Amino acid sequence: MRASAGARRPIPSNRFTRTESSRAMPILIFVFFAALLAGIPVFIALAFSSLLYTHFIAGIPDFVILHRMAGGLDSFPLLAVPFFILAGNLMNSAGITNRIYDFAVATCGWMRGGLAHVNIFGSVIFAGMSGTAIADAAGLGTIEIKAMQDHGYSKEFSVGVTAASATLGPIIPPSLPFVIYGMMGNVSIGALFLGGFIPGALMTIFMMLYVTYCARRYGMGRDQRFHWNVLFMTFIAALPALMTPVIIVGGMTFGWFTPTEAAIAACAWAMMLGIFLYRSLSLKQFYKVTMDTIETTSGVLLIVAAASLFGWVLTTTRLTEAGAEALLQFTDNRYVILLLINILLLIVGCFLEPIASISILVPVLMPIIVKVGIHPVHFGVMMTLNLMIGLLHPPLGMVLFVLSRIAKLSIERTTMAILPWLIPLLLSLIAITLIPELTLWLPRQFGMLK
């Protein structure tokens, strides 16, 4: 019996036909980028371009499309996302940032260019709590930029060092991008967290060396004398806050927590500090923090759901396989491939925020890195650093816009202030790319990698 003219043709459950596959690339890519250029939010651009293909060309039933989007959110590790966001927001609202900053001043303020070193060291500590670059820039950045200007540092230099140090947030664990990458790429989140420690330390060293160079070149002095008693008192005041990364990473390393349970423990600890110890978190503040967390989490999960559908289309139309084969036909040299991927990620990072970039690109790039023997944990840290550098640049760099608003600088002046700080960041990226053991050594020592 012949099918009616309006009936849809049957579609294979896991593959499109070769003809359909050949249509997918121009339609998906063109519609997606056209929607982005029109100013449409990322998750709508992802969902719309995918639906245009799956519904109108491939004829896939709507319930299958919805199932694919819901399936992208059906992941236990993804539960860690709202809790890590809540923990970072609680730290910002409970007065913990001030104690961290005071301890950083007592530790590094005596060095030449002291408050610039303080800026970097404070970000190292706060990175162990927030997990995002924007939280670092918005939380500590407000305190740091004002303090540096009060001590005679130029506004541009203050903004530049604050922007560069904010990139440490997602590299030193915990890290929201690592959670998303681990979920999308089926990679151990605990191994990613441990893998970020040495790269984060390397970035810190490069940035502090650059501050030392600037201090000597421009004659910067010391901002305060070193006092053991001040260091001790500020350390005691900040110690409960400093325990947060110990609880998170230590619990995961020794098998006490899963990533999700570690995020819940971080929230409980932050609430204990804010409500009972520091007594700086009121009911009104807690309500605001909760609403901010719900808003941020909703945005993240919408992107993940839409990107799951987009990634499924890329996979089932064999576009990921075709991309991998095309690149490997061009070159099979691991270092050339790493160079090309780094360039791609730096460009993408300027246009898409990290969660969207990871959700879209991991299904595309993972087959390539597996075929050339690049470890997924090494690639995850490298990818995250690339995308963090992208946050510092127009047209869509969120850290750039946050610091421009905090410092009351134009976007143009903020961009020029950040440019010199690409030197230590790119040196770090080169080292992390070329020396995989910087990322892989620590997870191997704790038995998380073979």
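Residues numbered from 1 in each chain as written. Predicted model: local features only at pLDDT ≥ 70, side-chain atom pairs only at ≥ 80, totals over all residues. Heavy atoms only, no water.

Enquirer: Please set out the overall build of the protein chain residue by residue, giving values where relevant.
Expert: For the protein chain, the helix and strand inventory stands at 22 helices and zero strands. Residue burial in the protein chain is summarised as follows: out of 450 residues, 54% are buried. Taking the contacts inside the protein chain whose residues are at least 6 apart along the sequence as the reference set, 80% of them involve residues at least 24 apart. For the protein chain, the computed accessible surface area is about 19,900 Å², with 69% contributed by carbon and sulfur atoms. (Helix = DSSP H or I, 4+ residues; strand = E, 2+ residues; numbered from the N terminus. Buried < 20%, exposed > 50% of the residue type's maximum accessible area, 1.4 Å probe, protein only. Contact = heavy atoms within 4.5 Å. Areas by Shrake-Rupley, 256 points an atom, 1.4 Å probe, with all protein chains shown as cover.)

Enquirer: Lay out the side chain of T162 in plain terms, naming residues and giving numbers.
Expert: Assignment of secondary structure puts T162 in helix α8 (residues 155–166). Accessibility expressed as a relative area gives 1% for T162, which makes it buried. If sequence neighbours within four positions are ignored, T162 has contacts with N119, G141, E144, I145 and L403.

Enquirer: Before we move on, can you summarise unusual backbone geometry with the specific residues and values?
Expert: A cis amide bond, omega 0°, links P173 with the succeeding residue P174. At N186, a residue that is not glycine, the phi angle is positive and equals roughly 55°. We note that K408 has phi near 55°; this positive angle belongs to a residue other than glycine. In this fold, K408 is placed in the loop between α19 (398–407) and α20 (411–418).

Enquirer: Which residues make up the packing of helix α18 (residues 376–390) against helix α21 (residues 422–434), and what values do they have?
Expert: Relative orientation and spacing of two packed helices are given, respectively, by the angle between their axes and the distance between those axes. Closest axis-to-axis distance for the α18/α21 pair is 10 Å, and the angle between their directions is 165°. Looking at the two axes, α18 sits roughly antiparallel to α21. Classified by chirality, the crossing of α21 by α18 is left-handed. Residues H378, V381, M382, L385, N386 and I389 of α18 pack against L422, L425, L426, S428, L429, I432 and T433 of α21. (Axes fitted to C-alpha atoms, helices over the stretch in contact; angles between N-to-C directions. Parallel < 35°, antiparallel > 145°, perpendicular 65-115°, else oblique. Left-handed = near helix turned anticlockwise from the far one by under 90°.)

Enquirer: Break down the nonpolar core for me, citing the residues and quoting the values.
Expert: Ranked by size, the top nonpolar core spans 146 residues in total, and within it Y181, F379, M383 and V399 carry the most contacts. When residues in this core are grouped by element, the largest group, 12 residues, is from helix α14 (residues 283–316). (Core = buried A, V, L, I, M, F, W, Y, C linked by side-chain atoms within 4.5 Å.)

Enquirer: Residue-level account of helix α3 (residues 62–73), with values.
Expert: Helix length check: α3 (12 residues) gives 18 Å between terminal C-alpha atoms against 16 Å at 1.5 Å per residue, within 8%. Among all positions in α3, only I65, M69 and G72 are buried. All buried residues of α3 fall inside an arc of 55° around its axis, so they share one side. Exposed side of α3, more than 90 degrees from the buried face: F63, L66 and H67 are the residues found there. (Expected span 1.5 Å × (residues − 1). Arc of directions from axis to C-beta.)

Enquirer: Hey, could you go over helix α5 (residues 96–108) for me, with residue numbers and the actual values?
Expert: Compared with an ideal rise of 1.5 Å per residue, which puts 13 residues at 18 Å, α5 spans 18 Å between its outermost C-alpha atoms and is within 8% of the ideal. Those residues of α5 that fall on the buried side of the exposure criterion are I96, T97, I100, Y101, F103, A104, V105, A106 and C108.

Enquirer: Any chance you could break down a nonpolar patch on the surface for me, citing the residues and the numbers?
Expert: A cluster of nonpolar side chains, namely F232, M233, F235, I236, L239, M243 and V246, defines an oily patch on the protein surface of about 620 Å² accessible area. Assignment of secondary structure puts M233 in helix α12 (residues 228–253). A relative accessible area of 56% places M233 in the exposed class. (Patch = residues over 30% accessible without salt bridge, like charges linked within 9 Å, V, L, I, M, F, W, Y side chains within 5 Å. Salt bridge = Lys/Arg side-chain N within 4 Å of Asp/Glu carboxyl O.)

Enquirer: Lay out the packing of aromatic side chains in plain terms, naming residues and giving numbers.
Expert: The final tally for this structure, using the stated rule, is 10 aromatic pairs. Here the aromatic rings of F103 and F235 are separated by 5.7 Å at their centres, their planes lie at 50°, and the arrangement is tilted. Here the residue F103 occupies a position in helix α5, and F235 occupies one in helix α12, the gap between them amounting to 132 residues. You can call F103 buried: its relative accessible area is 10%. Ring geometry for F226 against W228: centres 5.0 Å apart, planes inclined by 85°, an arrangement best described as edge-to-face. Judged by relative accessible area, which is 66%, W228 ranks as exposed. (Phe/Tyr/Trp six-rings, centres within 6.5 Å; stacked < 30°, edge-to-face > 60°.)

Enquirer: I'd like a rundown of the environment of L176, residues and numbers included.
Expert: Within the fold, L176 resides in helix α9 (residues 176–185). Separated by 98 residues in sequence, L176 and L78 have C-alpha atoms that sit 9.8 Å apart.

Enquirer: Account for the packing of helix α16 (residues 334–349) against α18, naming residues and giving values.
Expert: Packing of α16 against α18 leaves a shortest axis separation of 7 Å and a crossing angle of 40°. On the basis of the axis angle, α16 is oblique to α18. Crossing angle aside, the handedness with which α16 passes α18 is right-handed. Between α16, through L338, I341, N342, L345, L346 and G349, and α18, the contact on the second element is made entirely by F379, M382, M383, N386, L387, I389 and G390. A breakdown of the residues in the contact of α16 with α18 according to their chemical character gives nine nonpolar, four polar and no charged. (Nonpolar A, V, L, I, M, F, W, Y, C, P; charged D, E, K, R; others polar.)

Enquirer: Explain the side chain of S49 residue by residue, including any values.
Expert: Mapping S49 onto the fold places it in helix α2 (residues 42–56). The class of S49 is buried, set by a relative accessible area of 0%. A distance of 2.9 Å separates the side chain of S49 from the backbone oxygen of A45, its partner in a polar contact. Setting aside its immediate chain neighbours within four residues, S49 contacts L28, V31, F32 and F310. (Polar contact = N/O pair within 3.5 Å; in protein donor to acceptor, adjacent residues only side chain to side chain.)

Enquirer: Requested: an account of the pattern of salt bridges, with residues and values cited.
Expert: Under the criterion given, the structure shown has four salt bridges. Of the charged contacts in the structure, one is a salt bridge between K146 and D150, with a shortest N-O distance of 3.0 Å. Residue K146 and its partner D150 are both found in helix α7 (residues 133–150); the two are separated by four residues, about one turn of the helix. Accessibility expressed as a relative area gives 53% for K146, which makes it exposed. The shortest N-O distance in the salt bridge between E156 and R413 comes to 2.3 Å. Of this pair, E156 sits in helix α8 while R413 is found in helix α20, placing the two residues 257 residues apart along the sequence. Overall, the relative accessible area of 44% leaves R413 in the partly exposed class.

Enquirer: Please provide a residue-by-residue account of the confidence of the model for the protein chain, values included.
Expert: Here the protein chain averages 81 in pLDDT, and 89% of its residues register 70 or above. Within the protein chain, no element has a lower average pLDDT than helix α1 (residues 18–37), which sits at 67, and none a higher one than α21, at 95. (pLDDT = per-residue confidence, 0-100.)

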